[in-house]
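# Fold and geometry: a report
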Amino acid sequence: MTTFAAAATLRSSARHPAVRGWALAVAVYFLAVFHRSSLGVAALLAEHRFGIDAGQLGVFVMLQIGVYAAMQIPTGVLVDRYGPRRLLVVASALMGAGELLFAVAPSYGTALVARALLGCGDAMTFISVLRFVAVRFSPRRYSSLIALTSLMGTVGNVLATLPLSLVLDRFGWTTSFAGAAALSLLAAIAVWALLDDRSVAPPKLRNAAQVRQGLRAVTSRVRASWSLPATRMGFWVHFASMSTATAFGVLWGQPYLVKGVGLSTSAAGTVLMFGVIASAAFSPWLGWFIGRRPSWRVALALVVCAVTVAGWSVVVFVLGDAPSRWFVAALYIFTMLGGPASLVAFAVARDYNPARIVGTASGVVNVGGFVATVVVALGFGQTLNLLGGTTAHNLRFALLVPVVVQIFGSIRVIVWDRRVRAQIITRQHAGEHVPVRVLRRYWWDIPTRTSVPEPEKLAS
């Protein structure tokens, strides 16, 4: 079933409790993505409002994304114990409280607490939606509904670019963010009153001993997944592909486009918006392509990384302090394709991990991109501080931070890709089934250095 067919089916059955529940859950996710991206067009305002430097500005993203990443495994345990309805109510309340606190924060420290609350609430949303859809809908509809959910997240991201920039210009900081907070608080009330997850929530809450046992099992699954070369390759694919796109999208894109390139605030918001739209348009094509040409998926991610690195290197070393606005705008939009390209990592994790630990492997892979995002966001700001502030010249050389991070990540992808290929070729020659067959390339393959546990053994 295509995404459009799923949308038609949902329209025809809009009164069904499961569809209504999904719509409520997706509304929370829509707001979560909006809140997550809202600082992207407010970075310069935040710098002025709180009297902070570029390094302190980067801490906003480090804290928010760090809390988000740290909450992934606990959220999985919590949604198992309490069900998606309760978690979505808590998530909406946390995001509403965080955004309201951010709207009225009198100091930098208070604003940091607000972003931490946003990151915590954000972390609870998508996994709760996944749990609700997995139980209330058939497997045939699952992938299409998740695609629709992702599309609504993209709409939230789009609204956090040019539209939010215009609202900030018109109504100011406090009113704009307080209005966004009110939407999440209303969503919390709506979910509590209208979302029915009685068939999703577990019939009996697990006790503390069972929760501890579950956490020990998660630790064991993490170790088992990390022992596989394919999981490590996926980690580095996510690390390399996602870092620059996300760091620019949630924080540094607007300051660079305004102060480094000379665009107006609205023009910068327009470029940010088209970057999100390009990313959304690229995602379904990428899914179609790697589904039919899986042997090309890692190469495609590396191509996106290579073009991104080459483009920003040209900006730093060739174009100088007054680069072509059209070139930078086009390059920024292409850079946003790194977000969809990072999804290659999850396809690799799914193919080469036993079914028992695929979810854990996806979480391990997911950490790679967020770690890289934190490194880029914080490193970019600290570099600006060392160079003397947010000027066009300093912003130009701060671009070396994402360039170096992507180069490092790409090198690690190549190293682990060669090891995975060598392992797959060995299994092919032994007559074993492999998810994606590879052709022998003597200039690319290397012998495996250590013995690696077979997936079948891990699954036992």
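Our subject is the structure that appears above.
Residues numbered from 1 in each chain as written. Predicted model: local features only at pLDDT ≥ 70, side-chain atom pairs only at ≥ 80, totals over all residues. Heavy atoms only, no water.

## Focus on the environment of Ala-398
Here Ala-398 is to be found in helix H20 (residues 392–398). Along the primary structure Ala-398 and Gly-381 are separated by 17 residues, whereas in three dimensions their C-alpha atoms are 7.9 Å apart. When near neighbours in sequence (up to four residues on either side) are disregarded, Ala-398 contacts Phe-380, Thr-383 and Leu-384. (Helix = DSSP H or I, 4+ residues; strand = E, 2+ residues; numbered from the N terminus. Contact = heavy atoms within 4.5 Å.)

## Remarks on helix H7 (residues 108–123)
Over its 16 residues, H7 extends 23 Å from the first C-alpha to the last, a length consistent with the 22 Å expected when each residue adds 1.5 Å. Within the span of H7, buried status applies to Tyr-108, Ala-111, Leu-112, Ala-114, Arg-115, Ala-116, Leu-118, Gly-119, Cys-120, Gly-121, Asp-122 and Ala-123. (Expected span 1.5 Å × (residues − 1). Buried < 20%, exposed > 50% of the residue type's maximum accessible area, 1.4 Å probe, protein only.)

## Observations concerning helix H14 (residues 265–292)
Taking 1.5 Å per residue as the helical rise, H14 with its 28 residues ought to reach 40 Å, and the 41 Å between its terminal C-alpha atoms agrees with that figure. For H14, every residue scored as buried is listed here: Ala-268, Gly-269, Val-271, Leu-272, Met-273, Gly-275, Val-276, Ser-279, Phe-282, Leu-286, Phe-289 and Ile-290.

## Concerning the pattern of salt bridges
Summed over all chains, the structure comprises 3 salt bridges. Note that Glu-99 is salt-bridged to Arg-115, the shortest N-O span being 3.8 Å. Linking Glu-99 in helix H6 (residues 84–104) with Arg-115 in helix H7, this pair joins segments that are 16 residues apart in sequence. Assessed through its relative accessible area of 0%, Glu-99 is described here as buried. Assessed through its relative accessible area of 0%, Arg-115 is described here as buried. (Salt bridge = Lys/Arg side-chain N within 4 Å of Asp/Glu carboxyl O.)

## Observations regarding the packing of helix H2 (residues 17–37) against helix H8 (residues 125–136)
Look at H2 against H8: their axes get within 9 Å of each other, and the N-to-C directions meet at 165°. By the angle between their axes, H2 is roughly antiparallel relative to H8. Seen along the crossing, H2 lies across H8 with a hand that is left-handed. Note on element contacts: H8 touches H2 through Thr-125, Phe-126, Val-129, Phe-132, Val-133 and Arg-136, opposite Pro-17, Ala-18, Gly-21, Trp-22, Ala-25, Val-28, Tyr-29 and Ala-32. Tallied by class, the residues present in the contact of H2 with H8 amount to 11 nonpolar, 2 polar and 1 charged. (Axes fitted to C-alpha atoms, helices over the stretch in contact; angles between N-to-C directions. Parallel < 35°, antiparallel > 145°, perpendicular 65-115°, else oblique. Left-handed = near helix turned anticlockwise from the far one by under 90°. Nonpolar A, V, L, I, M, F, W, Y, C, P; charged D, E, K, R; others polar.)

## Quick look at the nonpolar core
Within the largest apolar cluster, 67 residues are counted, with the highest numbers of intra-cluster contacts made by Phe-50, Phe-60, Phe-102, Trp-252, Tyr-256, Leu-257 and Trp-312. Per element, the largest residue contribution to this core is 9 residues, and it comes from helix H13 (residues 229–260). Not counting residues within four places of it along the chain, the set of residues in contact with Trp-312 comprises Thr-244, Phe-248, Tyr-256, Val-328, Leu-331, Tyr-332, Thr-335, Leu-399 and Val-403. Formed by 35 residues, the second largest nonpolar core is a distinct cluster that contains Ala-230, Phe-282, Phe-289 and Val-344. (Core = buried A, V, L, I, M, F, W, Y, C linked by side-chain atoms within 4.5 Å.)

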